[in-house]
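Read off the chains here:
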Amino acid sequence: MLPLRWLGPTIRRDGRWHIPRTPPTPPSKFAVLLVTTGINQVWKLSAHAAVSAGSAGVLINVFGPALLVVVPVVALVAWSRVRLRDHTTSQVLAGAAVGVLVAVPTFLVLS
C-alpha cells in the first residue's frame, strides 16, 4: 500500500499546500531497465516481464518462500504480453530471465 503522502497534493495543518515527491526508483529496477534497454537495441525483450520477474525475485529473496505466491502474477504479465501480440513467447521468457538475473544480484550487492 502506498503511503498517503504519495497519493497527491494535500493541505497541511498550517493551511499550506504540500505537493509530494514521487517515490524513488529502486536501484535494482533501474538496473533491469538499463540492461533491457541496451538489449532492446539489438533484440526486442519484454520490459514488462523483466520488471515483474525482477521484482518478484527480489521480494522472494527478502521475504522468503512465502512470497512465491507472486509468481502467478509474473506469469499473467508474461501471458498478457503474448496475448496482446506485443511480444513472442521467447521475448517474454528472455525478458523475465534478464529481470531476475539483473535485479536479484543488484539488490544483494546494494543491500
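Reading the values: the criteria
- Residues numbered from 1 in each chain as written.
- Predicted model: local features only at pLDDT ≥ 70, side-chain atom pairs only at ≥ 80, totals over all residues.
- Heavy atoms only, no water.
- Helix = DSSP H or I, 4+ residues; strand = E, 2+ residues; numbered from the N terminus.
- Buried < 20%, exposed > 50% of the residue type's maximum accessible area, 1.4 Å probe, protein only.
- Contact = heavy atoms within 4.5 Å.
- Areas by Shrake-Rupley, 256 points an atom, 1.4 Å probe, with all protein chains shown as cover.
- pLDDT = per-residue confidence, 0-100.
- Axes fitted to C-alpha atoms, helices over the stretch in contact; angles between N-to-C directions.
- Parallel < 35°, antiparallel > 145°, perpendicular 65-115°, else oblique.
- Nonpolar A, V, L, I, M, F, W, Y, C, P; charged D, E, K, R; others polar.
- Expected span 1.5 Å × (residues − 1).
- Left-handed = near helix turned anticlockwise from the far one by under 90°.
- Arc of directions from axis to C-beta.

Participant: Explain the overall build of the protein here, please?
Facilitator: Counting its secondary structure elements, the protein contains four helices and two strands. N-terminal to C-terminal, the α/β element order of the protein is β-β-α-α-α-α. The burial tally for the protein puts 28% of its 111 residues in the buried class. When contacts within the protein are restricted to residue pairs at least 6 apart in sequence, long-range pairs at least 24 apart make up 57% of them. Total accessible area on the protein is roughly 7,800 Å²; 69% of this is exposed by carbon and sulfur atoms.

Participant: Hey, could you run me through the confidence of the model for the protein in this one?
Facilitator: Should the pLDDT be low somewhere, the predicted coordinates at that spot are not to be read in detail. A residue-level look at the protein finds 83% of positions with pLDDT of 70 or above and a mean pLDDT of 86. Within the protein, no element has a lower average pLDDT than strand β1 (residues 10-11), which sits at 66, and none a higher one than helix α3 (residues 71-83), at 97. Confidence drops under pLDDT 50 across residues 1-7; counting only partners more than four residues distant or on other chains, this segment forms six contacts.

Participant: Mind showing me how you'd approach the side chain of Ser52 here?
Facilitator: Tracing the backbone shows Ser52 in helix α2 (residues 47-63). Those residues in contact with Ser52 that sit more than four places away from it in its chain are Val74 and Val77.

Participant: It is not clear to me how the packing of α2 against α3 should be interpreted in this structure. Could you clarify?
Facilitator: Pairs of packed helices are described in terms of their axes, by the angle between the two and the distance that separates them. Orientation of α2 relative to α3, taken along the N-to-C sense of each, is 175°, at an axis distance of 9 Å. Taken as axis vectors, α2 and α3 run roughly antiparallel relative to one another. Judged by residue contacts, His48, Ala49, Ser52, Ala53, Ala56 and Ile60 of α2 engage Val71, Val74, Val77 and Arg81 from α3. Residues of the contact of α2 with α3, tallied by class, amount to seven nonpolar, two polar and one charged.

Participant: Looking at this model, I keep getting lost on α2. Mind explaining?
Facilitator: Every α-helix carries 3.6 residues per turn, so stepping three or four residues along brings you back to the same face. The end-to-end C-alpha distance of α2, which contains 17 residues, comes to 24 Å, matching closely the 24 Å that a straight helix rising 1.5 Å per residue would cover. Of the residues making up α2, those classed as buried are Ala49, Ala50, Val51, Ser52, Ala53, Gly54, Ala56, Gly57 and Val58. Positioned one or two residues after α2, Gly64 has a phi angle of 85°, which is positive.

Participant: Before we go on, may I ask you to explain the packing of helix α1 (residues 27-40) against α2 in this structure?
Facilitator: Packing of α1 against α2 brings their axes to within 10 Å, and their N-to-C directions diverge by 150°. Between α1 and α2, the interaxial angle falls into the category roughly antiparallel. Here α1 runs over α2; the crossing is right-handed. On α2, the residues that touch Ser28, Lys29, Val32, Leu33 and Thr36 of α1 are Ala47, Ala50, Val51 and Val58. Of the residues contributing to the contact of α1 with α2, the split by class is six nonpolar, two polar and one charged.

Participant: What exactly am I supposed to notice about α3 here?
Facilitator: Over its 13 residues, α3 runs 18 Å from end to end, which matches the ideal 18 Å to within 8%, given 1.5 Å per residue. Every buried residue of α3 is accounted for by Val74, Ala78 and Arg81. Here the buried residues of α3 occupy an arc of 60° about the axis, which is enough to place them on one side. Counted as exposed and oriented over 90 degrees from the buried face of α3: Leu76, Trp79 and Arg83. Turning to α3, the residues buried within the fold contact α2 and α4 (89-110). Within two residues after α3, Arg85 carries a phi angle of roughly 60°, on the positive side.

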